[in-house]
Amino acid sequence: MSRTRCVNMTQMLQKAFEEHYAVGQFNINNVEWTKAVLQVAQETKTPVILGVTSSAATYMGGWNTVVGLVNGLMEDLDITVPVALHVDHGGSYEICKAAIDAGFTSVMIDGSHLPLDENIAVVKKVVDYAHPRGVSVEAELGRVGGQEDGAMVAENMYAIPEECVRLVNDTHVDFLAPALGSVHGPYHGKPKLGFKEMKEIADLVKIPLVLHGGSGIPDEQLHMAIERGTAKININTECQQAWTGVVREILSTNDKVYDPRKIIGPGAEKGIKKVVVEKATTFGSLGKATY
């Protein structure tokens, strides 16, 4: 029997971009997390992106371990919907190359902290390695505030439209994450996204945009972002909070439970699955795995 394999993000995001919905990236941390996201995607016929940061990959054992886990689950669970395995916030060319060599189908190279010329150079280097291997590439401009992979980052710095055009034209990157007011981690107060700038950038670069820090953004703002060219929305904090809430309830109400499957598993079944369904519904991607 042939193995089910992950795909890159190109077709799924181009379709979302053209049809005005978004595909969710849900970051994974362990087998229960991954299994829950994949099962929801299959049951609802929804394309999905599994996001993995460097620290999450290290926690799970390494890039090769993550690829083996995802490919094994996809075969054992008979997953047939499009699934992309994506590096989230790859901090260097070397990190992206290692993930690609392990079998990741998509990578984000985050050079947003670098001067524009250096950002362009590292993005182009990753693109030149990734594209011949069938791997899609995401880049970022500006700075998304809040916590990124467990560390505090700078305050928001909006991406400049003209710089976005230059980066896209010079690198031939597939997707762009322009920083426009979103943050990683919980929001303090109501999010204020730059919708005017988002529309301007989408019209100029003509490739799918990515919204980082999607957790906690009101549905109406997510819909506005999708209408303005956002085709990928990253969700992590809400899954973490939902999982933790279920696990805390189990431990606080049953002091005799010790089987880790009875502690960890319900967090995925009752917490993560609920978030994935709700977000896919909001994004308009539910049932879109028809290709």
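Residues numbered from 1 in each chain as written. Predicted model: local features only at pLDDT ≥ 70, side-chain atom pairs only at ≥ 80, totals over all residues. Heavy atoms only, no water.

Right, let's talk about the overall build of the chain for a bit. Regarding its fold elements, the chain presents 11 helices and 11 strands. A compact globule built from 291 residues would reach a C-alpha radius of gyration of about 19 Å, and the chain, at 18 Å, matches this within 12%. If you line up the chain on its principal axes, its C-alpha atoms span 60 × 50 × 35 Å. Residue burial in the chain is summarised as follows: out of 291 residues, 56% are buried. Expressed as a percentage of contacts within the chain between residues at least 6 apart in sequence, the contacts between residues at least 24 apart total 71%. (Helix = DSSP H or I, 4+ residues; strand = E, 2+ residues; numbered from the N terminus. Rg over C-alpha atoms; globule rule 2.2 N^0.38 Å. Buried < 20%, exposed > 50% of the residue type's maximum accessible area, 1.4 Å probe, protein only. Contact = heavy atoms within 4.5 Å.)

On to the confidence of the model for the chain, then. In the predicted model, the chain carries a mean pLDDT of 91, and 90% of its residues have values of at least 70. Note on residues 151–155: pLDDT is under 50 here. Beyond four places in sequence and across chains, it has 13 contacts. (pLDDT = per-residue confidence, 0-100.)

A few words on the pattern of salt bridges. Should their charged atoms come close, side chains of opposite charge can pair. Counted according to the given criterion, the structure contains 14 salt bridges. One salt bridge in this structure joins K97 and D101, with 2.8 Å as the shortest N-O distance. Taken together, the positions of K97 and D101, both in helix α5 (residues 93–102) and 4 residues apart, correspond to about one turn of that helix. Across the pair E138 and K232 runs a salt bridge whose closest N-O atoms are separated by 2.9 Å. Residue E138 is located in strand β5 (residues 136–141), and its partner K232 is located in strand β11 (residues 230–235); the two are separated by 94 residues in the primary sequence. Of the two residues examined, E138 and K232, each falls in the buried class. Three or more residues joined by partner-sharing salt bridges are found here, namely K15, E19 and K288. (Salt bridge = Lys/Arg side-chain N within 4 Å of Asp/Glu carboxyl O.)

A word on the pairing of strand β3 (residues 83–90). Within β3, 8 of the 8 residues are buried, which leaves it mostly tucked inside the rest of the structure. In this view, the connection linking β3 to its parallel neighbour strand β4 (residues 106–109) by way of α5 has right-handed handedness. (Right-handed = clockwise from strand over helix to strand, strands pointing away.)

Turning our eyes to something else, we now look at the side chain of N119. Tracing the backbone through its elements, the reader meets N119 in helix α6 (residues 116–130). Take N119: its relative accessible area is 0%, and that puts it in the buried class. If we skip the residues at most four places from it in the chain, N119 touches G111, S112, L114, E140, L141 and L167.

Below, the discussion takes up the packing of helix α9 (residues 219–227) against helix α11 (residues 260–283). For the pair α9 and α11, interaxial distance at closest approach is 9 Å and the crossing angle is 50°. Considering the angle they form, α9 stands oblique to α11. Residues D219, L222, H223 and I226 of α9 lie in contact with α11, whose contacting residues are K279, T282 and F283. Classifying every residue of the contact of α9 with α11 by side-chain character gives 3 nonpolar, 2 polar and 2 charged. (Axes fitted to C-alpha atoms, helices over the stretch in contact; angles between N-to-C directions. Parallel < 35°, antiparallel > 145°, perpendicular 65-115°, else oblique. Nonpolar A, V, L, I, M, F, W, Y, C, P; charged D, E, K, R; others polar.)

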